[in-house]
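Next come the chains, spelled out residue by residue.
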Amino acid sequence: MAEEPIKLTKLTRCAGCGAKVGAGVLAQLLEGIRVHHDPNLLVGFDKSDDASVYKISDQLALVQTVDFFPPIADDPYLFGQIAATNALSDVYAMGGEPKLCLNIMAVPESMPRDAVHQILRGGYDKVYEAGALITGGHSILDDEPKYGLAVTGFVRPDKMLTNSAARPGDVLVLTKPLGIGVLTSAGKADLLTEDTVALMNRLMTTLNKGARDVMVRHQVHACTDVTGFGLLGHGFEMAQGSDVTITLHVDAVDFIPEAVEFARMGVLPAGMYRNRSFAEAAVDAGDTETAIQDLLFDPQTSGGLLMAVAPEDADALIAELQGAVPSVQRIGTVSEYTGGKRILLR
């Protein structure tokens, strides 16, 4: 008798980047840990950035990151693809190119061998698409399956991007629509249409390589990928790290339509509430609808890149991004911080 197909999302309490520890809690956990000085460490864990960067020479720096999470898709191969795409994204956000990867995997002892194989195959295929290599890894037994990658990439030190170098006058550009976390919650309740599931999967398996390859040809001052802390969580880290104010034009943000409907129904992931707790005090929401605010706090899995680009180069960047990314959005501006809220919704 053939085995019943395994439904990975039924084995977990949280899915994808919605399982991340909240940014506020994470900051408290790291508080007081001594940071050793090394002049070649350009970005370390004391920064709220996407990856660490270590300078090898004037022409070469290592970019290192790690990311893994519980299943966000029932299909093992698809889950492997999504997890790998998400892990690679942190290197792209720093302006780097991923080169070497290590698998990180936790699986229940009862999981069928073929399901484990398909997760790993999905990861391998996405890493190959990125032009990188998987060279090993580590696996353990766990009641909940989890998968991801430790990724090492390269970048020129003078071309490295961080999330803390936005400048007054910069234009904010986003490269994927929002709503994945809300749709994931709806999917766990079997509320999604096949078309919506297909759209979600396409977005989550689209590498940010195309966005990165365009970005490095333009005057982008700062960048971060929008993942578990949502647009407002990652935007707050950019605003605070750069000591600027960010104004977001809510009508310019591309929300997945079905996600708006579910947010208005109150179908929301737990990660959204953690993100609100972290960043809400820094946000002037104006008259923005509550459901739209929820989507701006919504944790994204394998989300797009948020770039702060020089105003004189914004039109050229946006034009070149057309066709290279799922959604090109000119969503806001950067101004000097004069006190008060860090993010203004208008």
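Now for a quick tour of the structure.

Rules used throughout
Residues numbered from 1 in each chain as written. Predicted model: local features only at pLDDT ≥ 70, side-chain atom pairs only at ≥ 80, totals over all residues. Heavy atoms only, no water. Axes fitted to C-alpha atoms, helices over the stretch in contact; angles between N-to-C directions. Helix = DSSP H or I, 4+ residues; strand = E, 2+ residues; numbered from the N terminus. Left-handed = near helix turned anticlockwise from the far one by under 90°. Contact = heavy atoms within 4.5 Å. Nonpolar A, V, L, I, M, F, W, Y, C, P; charged D, E, K, R; others polar. Pairing = 2+ DSSP bridges. Buried < 20%, exposed > 50% of the residue type's maximum accessible area, 1.4 Å probe, protein only. Core = buried A, V, L, I, M, F, W, Y, C linked by side-chain atoms within 4.5 Å. Parallel < 35°, antiparallel > 145°, perpendicular 65-115°, else oblique.

Contact geometry of helix 8 (residues 257–265) with helix 10 (residues 290–297) gives a least axis separation of 9 Å together with a crossing angle of 115°. Seen along the crossing, helix 8 lies across helix 10 with a hand that is right-handed. Facing Ala259, Val260, Ala263 and Arg264 of helix 8, the residues of helix 10 in contact are Ala291, Ile292 and Leu295. Its residues assigned to classes, the contact of helix 8 with helix 10 shows six nonpolar, no polar and one charged.

Turning next to the sheet that holds strand 1 (residues 41–43). As summarised here, the arrangement of the six strands in space is 1-2-3-6-4-5, forming an open sheet in which the pairing is mixed. Taken across any chain shown, the strands that pair with only one partner, and hence form the sheet edges, are strand 1 and strand 5 (133–141). When strand polarity is set aside, the average angle formed by the axes of neighbouring strands in this sheet is 20°. When strand 2 (residues 52–55) meets strand 3 (residues 61–69), the two strands line up antiparallel, connected through four bridges. Paired with Val53 across the bridge in strand 3 is Val63. Relative to strand 6 (residues 146–155), helix 2 (residues 76–93) is tilted by about 30°, and along the sheet it contacts strand 3, strand 4 (97–107) and strand 6. Packing against the sheet, helix 3 (residues 113–129) makes contact with strand 4, strand 5 and strand 6, and its axis sits at approximately 170° to strand 4.

A few words now on the pairing of strand 7 (residues 171–174). Alternating residues of strand 7 divide into Val171 and Val173 and Leu172 and Leu174, and every residue in both groups is buried. Bridging between strand 7 and strand 11 (residues 305–309) involves four bridges; their strand directions are antiparallel. Bridged to Val171 within strand 11 is Val309. Sheet topology places strand 7 next to strand 12 (residues 329–336); four bridges connect them, and they run antiparallel. Opposite Val171, over in strand 12, you have Thr333 as the bridge partner.

A separate point is the nonpolar core. In this structure, Leu88, Leu149, Leu172, Leu248, Phe255, Leu296 and Leu345 are the most contacted members of the largest nonpolar core, which totals 83 residues. In terms of residue count, helix 2 provides more of this core than any other element does, nine residues in total. In this structure, Leu296 is in contact with Leu178, Gly230, Leu231, Leu232, Val250, Val253, Phe255 and Leu345, ignoring residues within four places of it in sequence. Counting 17 residues, the second-largest nonpolar core is a separate cluster that includes Ala93, Val214, Val309 and Ile318.

This part is about the packing of helix 4 (residues 180–188) against helix 8. Packing of helix 4 against helix 8 leaves a shortest axis separation of 9 Å and a crossing angle of 70°. Between helix 4 and helix 8, the interaxial angle falls into the category roughly perpendicular. When you trace helix 4 past helix 8, the crossing you get is left-handed. The residues of helix 8 that touch helix 4, namely those facing Val182, Leu183 and Ala186, are Glu258, Ala259, Phe262 and Ala263.

A few words on helix 4. Of all the positions in helix 4, only Ile180, Gly181, Val182, Leu183, Thr184 and Ala186 are classed as buried. Where the residues of helix 4 are buried, they touch helix 5 (194–204), helix 8 and helix 10. With its phi angle positive at about 60°, Asp190 sits one or two positions after the end of helix 4.

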